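Chain residues, written in single-letter form:
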There are 2 protein chains.
Amino acid sequence: MAGRNYIFDTIKSVFKTFGYAQIDTPAMENLSTLLGKYGEEGDKLLFRILNSGDAFGKVNFDSFKDSDGAVNSVALSKEVCEKGLRYDLTVPFARYVVQHQNEISFPFKRFQIQPVWRADRPQKGRYREFYQCDVDVIGSNSQLNELELVQIVDKVFALLDVRVLVKINNRKVLTGFAEVCGFPDKVVDITVAIDKLDKIGLDAVKDEMREKGLTESAIAVIEQILALSGSTAEKIASMRSLMNGGSASGLVSETGLKGLDELEELFGLIDAAGISSPVEIDLSLARGLNYYTGAIFEVKALDFAIGSICGGGRYDNLTGIFGLPGMSGVGISFGADRIYDVLSGLDKFPKGLKSSTTLLFANMGVDEARYVLPVAKALRDRGVAVEVYPESSKLKKQFDYADRKNIPFLSITGANEMEAGKINVKNLVSGEQKVFEKADIESIMDFLAL
Amino acid sequence: MAGRNYIFDTIKSVFKTFGYAQIDTPAMENLSTLLGKYGEEGDKLLFRILNSGDAFGKVNFDSFKDSDGAVNSVALSKEVCEKGLRYDLTVPFARYVVQHQNEISFPFKRFQIQPVWRADRPQKGRYREFYQCDVDVIGSNSQLNELELVQIVDKVFALLDVRVLVKINNRKVLTGFAEVCGFPDKVVDITVAIDKLDKIGLDAVKDEMREKGLTESAIAVIEQILALSGSTAEKIASMRSLMNGGSASGLVSETGLKGLDELEELFGLIDAAGISSPVEIDLSLARGLNYYTGAIFEVKALDFAIGSICGGGRYDNLTGIFGLPGMSGVGISFGADRIYDVLSGLDKFPKGLKSSTTLLFANMGVDEARYVLPVAKALRDRGVAVEVYPESSKLKKQFDYADRKNIPFLSITGANEMEAGKINVKNLVSGEQKVFEKADIESIMDFLAL
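Basis of the calculations
Residues numbered from 1 in each chain as written. Chains lettered and ligands numbered in written order. Predicted model: local features only at pLDDT ≥ 70, side-chain atom pairs only at ≥ 80, totals over all residues. Heavy atoms only, no water. Helix = DSSP H or I, 4+ residues; strand = E, 2+ residues; numbered from the N terminus. Buried < 20%, exposed > 50% of the residue type's maximum accessible area, 1.4 Å probe, protein only. Contact = heavy atoms within 4.5 Å. Areas by Shrake-Rupley, 256 points an atom, 1.4 Å probe, with all protein chains shown as cover. Salt bridge = Lys/Arg side-chain N within 4 Å of Asp/Glu carboxyl O. Polar contact = N/O pair within 3.5 Å; in protein donor to acceptor, adjacent residues only side chain to side chain. Least-squares fit on C-alpha atoms with pLDDT ≥ 70 in both. Patch = residues over 30% accessible without salt bridge, like charges linked within 9 Å, V, L, I, M, F, W, Y side chains within 5 Å. Phe/Tyr/Trp six-rings, centres within 6.5 Å; stacked < 30°, edge-to-face > 60°. Pairing = 2+ DSSP bridges. Axes fitted to C-alpha atoms, helices over the stretch in contact; angles between N-to-C directions. Parallel < 35°, antiparallel > 145°, perpendicular 65-115°, else oblique. Left-handed = near helix turned anticlockwise from the far one by under 90°. Nonpolar A, V, L, I, M, F, W, Y, C, P; charged D, E, K, R; others polar. Disulfide = S-S within 2.5 Å. Expected span 1.5 Å × (residues − 1). Bend = angle between axes of the 7 residues up to and from the residue. pLDDT = per-residue confidence, 0-100.

> Account for the overall build of chain A, with residues named and values stated.
Across its full length, chain A carries 17 helices and 16 strands. Seen along its three principal axes, the alpha-carbon backbone of chain A occupies a region of about 95 × 65 × 45 Å. Every one of the 450 residues in chain A was classed for burial, and the buried ones make up 56%. When contacts within chain A are restricted to residue pairs at least 6 apart in sequence, those whose partners lie at least 24 apart make up 67%. For chain A, the accessible surface area stands at approximately 18900 Å², while carbon and sulfur atoms represent 48% of it.

Structure (structure tokens):
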């Protein structure tokens, strides 16, 4: 938990300076809330809770058998399970917003750090239980919200001392691609192909678009867009011209132009606010297309090879499915497990994170233990983590305990020190040893370098 | 979460100064780990997770029917559910200690703050999901561990500014009651009766013991013990005499005398360490008898009527059931929900806990928003929670937002201030308003009283 708490505490401290409030939602949601929100595959990965009490008492099993006598597990599980474990934080958040819409002050800024559960086959990097860490603002269309998320990302990784690249795209611009190349209904196919540019290269992307039925002239328009280079302002200007009839097709995309307006506004705000991390437009950035409707974000560590460590975007109708339409929101999710791997890989966890205790008082007997207790208390009252070894075991055993727990300071205060009113403290790293007046807590604090 | 986090953060800060490390265990445990640990009633209250995949595909339903054709839900649920949600933090902790015994440094000091789930009928003060907050040390018999828990309780409630009474008893002394009154096999009956002394009075307690088969002379011995008064030292001395053959029965209880030794040692340590809260022996204190084997603790708020807000004790064989016998431990659990009620009832939550934001910059337009962004950033970098209202809505709406979120400071920095290079800040509580140089962040900080 030490490393995990370090990450969460850092992220939370930043969320708070932006006025986001933490909420928790229950682990269990009604299955009716969860089913159908994550696709067919997601439905299968939901953990279902057996109804309490006599769950099977009133079930007519024959009615759940197919014509060949096989039991339909899916149908029967719906009969005996009303609740499931949350699969992500987004759907419970949407349910929460709709349920509490009359108590919430919009724009509503919340964050949520909780485990989620998926009935996946466990493997490296994929767990049945893992933490998500989401921050969202809902009920405002302003690009200032997008800016705020970029600011949060920038600050979090500055505090974690990890250099990152923030990549931004806009779902409307991707729609613009499809419109100006003359295949407005193929936006998903086009984006899925473009999304692979990094991995498979331009030729393979073009092949895939051919397979999906795009014409050579349409592909040429997309190639033209992907070849755009220059600064962010130059890229936006070139795209604006292409979306405004300047491409080989001569077609205009109003949606694409709207997306460019949003990008331009966002980058203007990013300049005004002062962001330390590099932020760039990535036209091949796609992410969960069916879901997002405006800005899309992805964050990569610059000095460590791993997938994106943070991502998100704007969605225009998250709560509509629960009966509250027209509520636009934007959010990002921090990938806590990957961030953990990055900090481990780059050795960026603070030193001493794993040693929870600063000073161990060895136990030299009942009277000696009583003698050091007030000193331990005084140090603890000043915030120092102090242990008094509970048993007067052999010193070797107590040394081993300090060693295994990485405790840097050991006090072996025995009968002699007690008689003289002293406290003995040894720095186990440097070997330096000092003797203090029992009452001189401040000097002990200095020696502990605190 | 604001109030809950305040309690947890306070408790955690204290745990850490005593060198306890936080662990988390997964929400799901194998049902074989959970079943049979909480009694028959507890088994019924376990939430069971339906096996993933084709849970019912291979089930022969006929084999789960009784002779009258009714389905045996309990047996069938064992067939289709391998996992359940944790019911408390103790059993998962015991499982964890046994599983990781070769990596753990004993004595092992851990705390755990996580939700638990019980399939109870929800009602006021009883929830299907609620937090437990446990701290334990396992692998040491020393009374210094008991002392440490008392110190932790004392410090936590001092920080929360709640006056408490710490009540202590010892399971061995309760066994001594039964032994010296001549009914060593009736320790549970006797203690269950004594436990009700506060509620039903001495006469009713005596009636109950009569019903359980105790003789009048046995009851007289117990009455003699319960009538003991005086200081802690006097109580212990009187009991020692009674347990050592000095009661009407003349019987000696070695176990009872051992319990008195432990109590005496613990109170000696409490004196040496310096505890601010009153700590007293309560001979009628029982708590989950089947479980504890030594000290028993209970903490009551002195200024607020509610049940115990913290409790625990020593157990000698928690891990034995999982194959690691002879491992003694002692722990306490903080009742977070009740502590929340106490803090609410006594109005002891810090002011401003619910207002997550200190300063709101009203949004007077795109240019004005850009103008204040660097100021907002500078304040956030100094730890102040600042919001920039995302939409340039009517001022009334922005005021309402500040009001509903209890934001104490509002900046209405418009075109005039912008032109003059100024920032305007108003204290919404006092009405005082001031104008600052845009770059003079320190003066703004002073005005925010931070």
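> Mind laying out unusual backbone geometry, listing which residues take part and the relevant values?
Residue and element names in this part refer to chain A. With an omega of -5°, the peptide bond between Phe 106 and Pro 107 qualifies as cis. Inspection of the secondary structure assignment puts Pro 107 in the loop between helix H5 (90-99) and strand E5 (108-117). In this model, Asp 161 sits at a positive phi of 60°, which is unusual for a non-glycine residue. Looking at the element boundaries, Asp 161 is found in the loop between helix H6 (143-159) and strand E7 (164-170).

> An account of the interface of chain B and chain A is needed here, citing residue identities and associated values.
In this assembly, 79 residues from chain B lie in contact with 79 residues from chain A. Summed over the shared surface of chain B and chain A, the result is eight salt bridges. Across the pair B:Lys155 and A:Asp381 runs a salt bridge whose closest N-O atoms are separated by 2.7 Å. Across the chain B-chain A interface, the total number found is 38 residue pairs in polar contact (both at pLDDT 80 or more).

> Tell me about the relation of the copies chain B and chain A, and name the residues and values.
Under the fitted operation, chain B is carried onto chain A by 0.0 Å of movement along the axis and a turn of 180°, and the coordinates agree to an RMSD of 0.1 Å. Expressed as an axis order, the relation between the two copies is that of a two-fold axis. The C-alpha atom lying nearest the rotation axis in chain B is that of B:Ile49; the distance is 2.3 Å. Here 100% of the contact residues of chain B are again contact residues in chain A; the copies associate through an equivalent surface.

> Break down a nonpolar patch on the surface for me, citing the residues and quoting the values.
A contiguous nonpolar surface patch, about 270 Å² in accessible area, is contributed by B:Met364, B:Leu395, B:Phe399 and B:Leu428. Within the secondary structure layout, B:Leu428 lies in the loop between strand E15 (422-427) and strand E16 (433-437).

> With reference to specific residues and values, describe the packing of aromatic side chains.
Within this structure, the stated rule accounts for 28 aromatic pairs over all chains. Residues A:Phe15 and A:Phe111 carry aromatic rings whose centres are separated by 4.9 Å and whose planes lie at 50° to one another, so their mutual orientation is tilted. In this pair, A:Phe15 is assigned in helix H1 (residues 2-17) and A:Phe111 in strand E5, connecting sequence segments 96 residues apart. Grouping residues by exposure puts A:Phe15 and A:Phe111 together as buried. Geometrically, the ring pair formed by A:Phe61 and B:Phe61 is stacked, given 4.1 Å between the ring centres and 25° between the ring planes.

> Give a detailed account of the sheet that holds E16(B), specifying residues and quantitative values.
Residues and elements named next belong to chain B. On the basis of which strands lie adjacent, the open sheet formed by five strands has the order E13-E12-E14-E15-E16 and mixed pairing. Each edge of the sheet is formed by a strand with only one pairing partner; in this case those strands are strand E13 (386-388) and E16. Neighbouring strand axes in the sheet, compared pairwise and without regard to direction, differ in orientation by 25° on average. Examined bridge by bridge, strand E12 (residues 359-361) and E13 share three bridges and lie parallel to one another. Residue Leu 359 lies in a different strand from E13, and its bridge partner there is Val 386.

> Go over the packing of helix H12 (residues 254-273) of chain A against helix H15 (residues 366-381) of chain B with me, naming the residues and quoting the values.
The N-to-C vectors of H12(A) and H15(B) enclose an angle of 50°; their axes lie 8 Å apart at closest approach. The pairing of H12(A) with H15(B) is recorded here as oblique in orientation. In this structure, H12(A) crosses over H15(B), and the sense of that crossing is right-handed. Packed against H12(A), whose contacting residues are A:Glu265, A:Gly268, A:Leu269, A:Ala272 and A:Ala273, the element H15(B) presents B:Arg370, B:Leu373, B:Pro374 and B:Lys377 at the interface. Class assignment for the residues of the contact of H12(A) with H15(B) results in five nonpolar, one polar and three charged.

> So what's going on with the state of the cysteines? Residues and values would help.
Taken as a whole and assessed by the stated rule, the structure comprises zero disulfides over all chains. Counting only cysteine sulfurs, A:Cys81 is the nearest neighbor of B:Cys81, a cysteine outside any disulfide, at a range of 6.9 Å.

> Report on H15(B), specifying residues and quantitative values.
Residues and elements named next belong to chain B. In this model, H15 (16 residues) spans 23 Å end to end at C-alpha, consistent with the 22 Å of a helix rising 1.5 Å per residue. Along H15, the sharpest change in direction is near 30° and occurs at Val 372; proline Pro 374 comes one to four residues later. Looking only at H15, the buried set comprises Glu 368, Ala 369, Tyr 371, Val 372, Leu 373, Val 375, Ala 376, Ala 378, Leu 379 and Arg 380. Immediately downstream of H15, the backbone of Gly 383 shows phi near 95°, a positive value.

> Which residues make up the confidence of the model for chain A, and what values go with them?
Detail in the predicted coordinates should be disregarded across regions flagged by low pLDDT. Residues at a pLDDT of 70 or more form 99% of chain A, whose mean pLDDT is 93. Scoring of the predicted complex yields 0.89 for pTM and 0.88 for ipTM.

> How would you sum up the side chain of A:Lys405? Please name residues and give values.
Position of A:Lys405 relative to the elements: it lies in the loop between helix H15 (395-404) and strand E14 (409-411). Judged by its relative accessible area of 15%, A:Lys405 falls in the buried class. There is a polar contact of 2.8 Å between the side chain of A:Lys405 and the side chain of A:Glu387. One polar contact links the side chain of A:Lys405 to the main-chain carbonyl oxygen of B:Gly19, over a distance of 3.2 Å. Those residues in contact with A:Lys405, other than ones at most four positions away along the chain, are A:Ser355, A:Ser356, A:Thr357, A:Glu387, B:Gly19, B:Ser105 and B:Lys109.

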